[in-house]
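# Structure at a glance
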Amino acid sequence: MKTDPCKREREEMVEFQIRARGVGDRRVLAAMRKIPRHLFVPKGFERAAYEDRPLPIGEGQTISQPYIVAVMTEQLELAPQDRVLEIGTGSGYQAALLAELAANVISVERLPDLADRARENLARAGVTGVEVVVGDGTQGYPPEAPYNAVIVTAATPDIPQPLVKQLAEGGRLIAPVGPRECQDLVKLVKHEGRVEKIPLGGVCFVPLIGQFGWKGERFP
Ligand code: SAM
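A quick note: this is a predicted structure, and the numbers were derived from the prediction, not measured. (Residues numbered from 1 in each chain as written. Predicted model: local features only at pLDDT ≥ 70, side-chain atom pairs only at ≥ 80, totals over all residues. Heavy atoms only, no water.)

## Overview of the state of the cysteines
In a disulfide, the sulfur atoms of two cysteines are held together by a covalent bond. A full pass over the atoms with the stated rule returns one disulfide. Two residues share a disulfide in this structure: Cys182 and Cys204, whose sulfurs sit 1.8 Å from each other. Note on the Cys182 and Cys204 pair: the S-S dihedral is about 85°, so by sign convention the disulfide is right-handed. Taken as a pair, Cys182 in the loop between strand 7 (167-177) and strand 8 (183-191) and Cys204 in the segment after strand 9 (194-203) lie far apart in primary sequence, 22 residues in all. Given a relative accessible area of 38%, Cys182 falls into the partly exposed group. (Disulfide = S-S within 2.5 Å. Helix = DSSP H or I, 4+ residues; strand = E, 2+ residues; numbered from the N terminus. Buried < 20%, exposed > 50% of the residue type's maximum accessible area, 1.4 Å probe, protein only.)

Here is the structure:
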């Protein structure tokens, strides 16, 4: 059996950066102990994969800080039978965690090269149950809707309405919402067609670019 060169770093990441800061969901902690985050970062960054910060993944994009990934994942309250939509595949790391916790995951990425790399990363890590789709995720992914959970991993000026529409009854949606520099992490829960909004604190994400997000490479 292959030994895992980063097992200790990963256990320390979960213990000191995540569990110690209040993320207590045992399934989320187990998934983060299991998924080899170092396989989702560019060559040369493998050790840094377990540090408490985001890292560049090319094309001006990032793999998010492990703690923020953990908070967002916990807040999705995933059950094993859930169907999940992720917007912003990036490295594929968040999608790998979602696949560990839910039945199936559609992950939409705007940049084809990143989508290809994410597919390679997921295959290398032995993750199944994720379909990576290239497209404008602000429109969601209607062919597989509705979803029990939707996670947006890029910053949006407002929550794209197609994503709310594609959320199932009882579904949860998490997104960083606000100005380009830093945003509020927001959770929506759909009850009997109405949407409850829960603020979760400040975050800083790269922009969500598309029809219902920011409108181009340059921002007002
Ligand atoms: N979840 C990722 C991970 O685990 O590595 C990190 C995501 S990164 C912070 C944000 C990603 O959103 C980038 O890869 C970016 O290209 C993508 N993105 C931006 N606008 C998008 C859109 N309209 N649809 C899909 N992806 C988008």
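From this point on, the discussion continues.
## A few points about the side chain of Arg172
You can see Arg172 is positioned in strand 7. A polar side-chain atom of Arg172 sits 2.8 Å from the main-chain carbonyl oxygen of Leu76. Filtering out sequence-adjacent residues up to four positions away, Arg172 remains in contact with Gln75, Leu76, Glu77, Leu78, Asp82, Asn148, Ala149, Val150, Leu167, Lys187, Leu188 and Val189. (Polar contact = N/O pair within 3.5 Å; in protein donor to acceptor, adjacent residues only side chain to side chain. Contact = heavy atoms within 4.5 Å.)

## Brief notes about the site of the ligand
In the vicinity of the ligand there are 28 residues, among which Glu86, Ser91, Glu109, Gly137 and Ile209 approach most closely. Here a nitrogen atom of the ligand and a side-chain polar atom of Glu86 are 2.9 Å apart. At a separation of 2.8 Å, a nitrogen atom of the ligand approaches a polar backbone atom of Gly137. In the complex, the protein chains occlude 99% of the 600 Å² of accessible area that the ligand would expose alone. For the shell around the ligand, the secondary-structure elements that each account for two or more residues are strand 2 (61-63), strand 3 (83-87), helix 4 (93-101) and strand 4 (104-109). Partitioning the shell around the ligand into residue classes produces 11 nonpolar, 13 polar and four charged. (Near = heavy atom within 4 Å. Areas by Shrake-Rupley, 256 points an atom, 1.4 Å probe, with all protein chains shown as cover. Nonpolar A, V, L, I, M, F, W, Y, C, P; charged D, E, K, R; others polar.)

## Digging into the nonpolar core
The tendency in soluble globular proteins is for nonpolar side chains to be buried side by side. Core analysis: the largest hydrophobic core is formed by 49 residues, its most contacted members being Met32, Leu78, Tyr93 and Val130. Of all the elements in the fold, those that place two or more residues in this core are helix 1 (7-19), helix 2 (26-34), strand 1 (55-58), helix 3 (66-75), helix 4, helix 5 (112-124), strand 5 (130-134) and strand 6 (147-152). The biggest single contributor to this core is helix 4, with seven residues. Other than its neighbours up to four places away in sequence, Met32 contacts Arg10, Met13, Val14, Ile18, Pro66, Val69, Ala70, Tyr93 and Leu97. Ile87, Leu163, Val186 and Leu208 belong to the second-largest nonpolar core, a separate cluster that totals 20 residues. (Core = buried A, V, L, I, M, F, W, Y, C linked by side-chain atoms within 4.5 Å.)

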